Amino acid sequence: MTAALAGPDGVLRCPWALSTPDYVTYHDEEWGRPVHGDDALFERLSLEAFQSGLSWITILRRRPGFRAAFADFRIEKVAAFTDEDRDRLLTDEGIIRNRAKIDATLANARVLSDWTPGDLDDLIWSHAPEAGPAPKTLADVPAVTRESTALSKALKKRGMRFVGPTTAYALMQACGLVDDHLQTCAARNQPQGRRFGPELTGPSTSAAPC
């Protein structure tokens, strides 16, 4: 039942963001901000799949390695990867060397390369739910929703892999289809890329979290 907490700078944030500086930056500048574009969404979907069974910080800290290994997640380039590229990925210490997840990423790129540009963006964003009340505590944040289950089914129907309902909901959170920043979190409803600090205007950082 954890509500937003104040970090060393006095700013209220979602509790999960306070464990490392990497999380603070990701929370303040990326998580929950709208993401559009097929390549950008392919990257997020792929990274969420790699995260399955691991902590997100493990993926976040390896993101530069993932981008280098997967040609910045440009769908057409990844779709053209060869068996030699697959072998290279399986020995790349800059990523998570999970055979099933690597194979799924390559297979998904090949599927997407046959789609009309903009189809992935349209499909994902067509499952964005209507805005609901802001969650007050972490207990109010779901792991799976009706919409994420529907998105998962739609992606699987079109041949995508490693896109279960939990992965789909994590994607929806990360890419701004839903805003799961807690009610008193300073990042809620702030412009994309906003940096926070003691000068922040918004929810009072002196009030007790509730």
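Rules behind the numbers
- Residues numbered from 1 in each chain as written.
- Predicted model: local features only at pLDDT ≥ 70, side-chain atom pairs only at ≥ 80, totals over all residues.
- Heavy atoms only, no water.
- Helix = DSSP H or I, 4+ residues; strand = E, 2+ residues; numbered from the N terminus.
- Rg over C-alpha atoms; globule rule 2.2 N^0.38 Å.
- Buried < 20%, exposed > 50% of the residue type's maximum accessible area, 1.4 Å probe, protein only.
- Arc of directions from axis to C-beta.
- Salt bridge = Lys/Arg side-chain N within 4 Å of Asp/Glu carboxyl O.
- UniProt positions renumbered as here; feature names shortened; annotations may be inferred.
- Contact = heavy atoms within 4.5 Å.
- Phe/Tyr/Trp six-rings, centres within 6.5 Å; stacked < 30°, edge-to-face > 60°.
- 1 Å grid on protein atoms, 1.4 Å probe; cavity = no way out; pocket = protein on both sides within 12 Å on 5 of 7 lines; lining within 4 Å.
- Points joined across faces, edges and corners; volume = space filled by probe spheres on them.
- pLDDT = per-residue confidence, 0-100.

Participant: Lay out the overall build of the chain in plain terms, naming residues and giving numbers.
Facilitator: The secondary structure content of the chain amounts to 10 helices and 2 strands. Counting from the amino terminus, helix and strand elements in the chain follow one another as β-β-α-α-α-α-α-α-α-α-α-α. Taking 2.2 N^0.38 as the reference for a compact globule, 210 residues should give roughly 17 Å; the C-alpha atoms of the chain span a radius of gyration of 18 Å, in line with that estimate. Buried residues in the chain amount to 47% of all 210 residues.

Participant: Which residues make up helix H6 (residues 83-90), and what are the values?
Facilitator: Every buried residue of H6 is accounted for by Asp85, Leu89 and Leu90. Along the axis of H6, the buried positions cluster into a sector of 140°, meaning they face one direction only. Projecting away from the buried face of H6 at angles above 90 degrees are the exposed residues Asp83 and Glu84.

Participant: Any details on the pattern of salt bridges? Residues and values, ideally.
Facilitator: Scanning the model with the defined rule gives 11 salt bridges in all. Linking Arg61 and Asp22 is a salt bridge whose minimum nitrogen-to-oxygen distance equals 2.8 Å. One end of the pair, Arg61, is in helix H3 (residues 56-61); the other, Asp22, is in helix H1 (residues 21-29), and 39 residues separate them in sequence. Residue classification places Asp22 among the partly exposed residues on the basis of a relative accessible area of 35%. The salt bridge partner of Asp179 is Arg188, with a shortest N-O separation of 3.4 Å. A residue is classified by how much of its surface remains accessible, and Arg188, at 14% relative accessible area, is buried.

Participant: I'd like a rundown of the UniProt feature "binding site: Zn(2+)" (unreviewed entry) in the chain, residues and numbers included.
Facilitator: In the numbering adopted here, UniProt assigns the feature "binding site: Zn(2+)" (unreviewed entry) to Cys14, His27, His181 and Cys185. The annotated residues occupy 172 residues of the chain but converge on a single region, no pair of C-alpha atoms lying more than 10.3 Å apart. As for its placement among the helices and strands, Cys14 is situated in the loop between strand E2 (12-13) and H1. Apart from the residues lying within four places of it in its own chain, the contact partners of Cys14 are His27, Asp180, His181, Leu182 and Cys185. If you trace the backbone, His27 turns up in helix H1. In this structure His27 comes out as buried when scored by relative accessible area, which is 0%. Beyond its immediate chain neighbours, meaning those up to four positions away, His27 contacts Arg13, Cys14, Trp16, Ala17, His181, Cys185 and Ala187.

Participant: Run through the packing of aromatic side chains, naming residues and quoting values.
Facilitator: Inspection of every chain in the model, using the stated rule, returns 10 aromatic pairs. For the ring pair Tyr26 and Trp56, a centre distance of 5.7 Å and an interplane angle of 40° mean the geometry is tilted. Here Tyr26 is found in helix H1, whereas its partner Trp56 is found in helix H3, with 30 residues between them in sequence. An identical accessibility class is assigned to Tyr26 and Trp56; each is buried. Arranged with centres 6.5 Å apart and planes meeting at 15°, the rings of Phe70 and Phe81 form a pair that is stacked. Note that Phe70 is positioned in the loop between helix H4 (63-69) and helix H5 (75-79) and Phe81 in the loop between H5 and H6, a separation of 11 residues in sequence. Each member of the pair, Phe70 together with Phe81, is buried.

Participant: Tell me about the layout of surface pockets, and please be specific about residues and values.
Facilitator: In this model, the largest pocket occupies a volume close to 500 Å³. Every residue lining the largest pocket is counted, 22 residues in all, and those nearest its centre are Trp31, Glu48, Gln51, Ala170 and Gln173. Looking at the lining of the largest pocket, the elements that each hand over two or more residues are H1, helix H2 (38-51) and helix H10 (165-174). Top contributing element to the lining of the largest pocket by residue count: H10, with 6 residues.

Participant: Give me the confidence of the model for the chain: which residues, what numbers.
Facilitator: For residues with low pLDDT, the predicted coordinates do not support detailed interpretation. Per-residue confidence for the chain gives a mean pLDDT of 91, with 90% of residues at or over 70. Between residues 198-210, whose pLDDT stays under 50, and residues either more than four places distant or in other chains, the model counts 20 contacts.

Participant: Describe unusual backbone geometry, naming the residues involved and giving the relevant values.
Facilitator: In this structure, Asp72 takes a positive phi of about 60° despite not being glycine. Residue position: Asp72 is located in the loop between H4 and H5. Notably, Phe73 is not glycine yet its phi reads approximately 60°, a positive angle. Looking at where Phe73 falls in the secondary structure, it is placed in the loop between H4 and H5.

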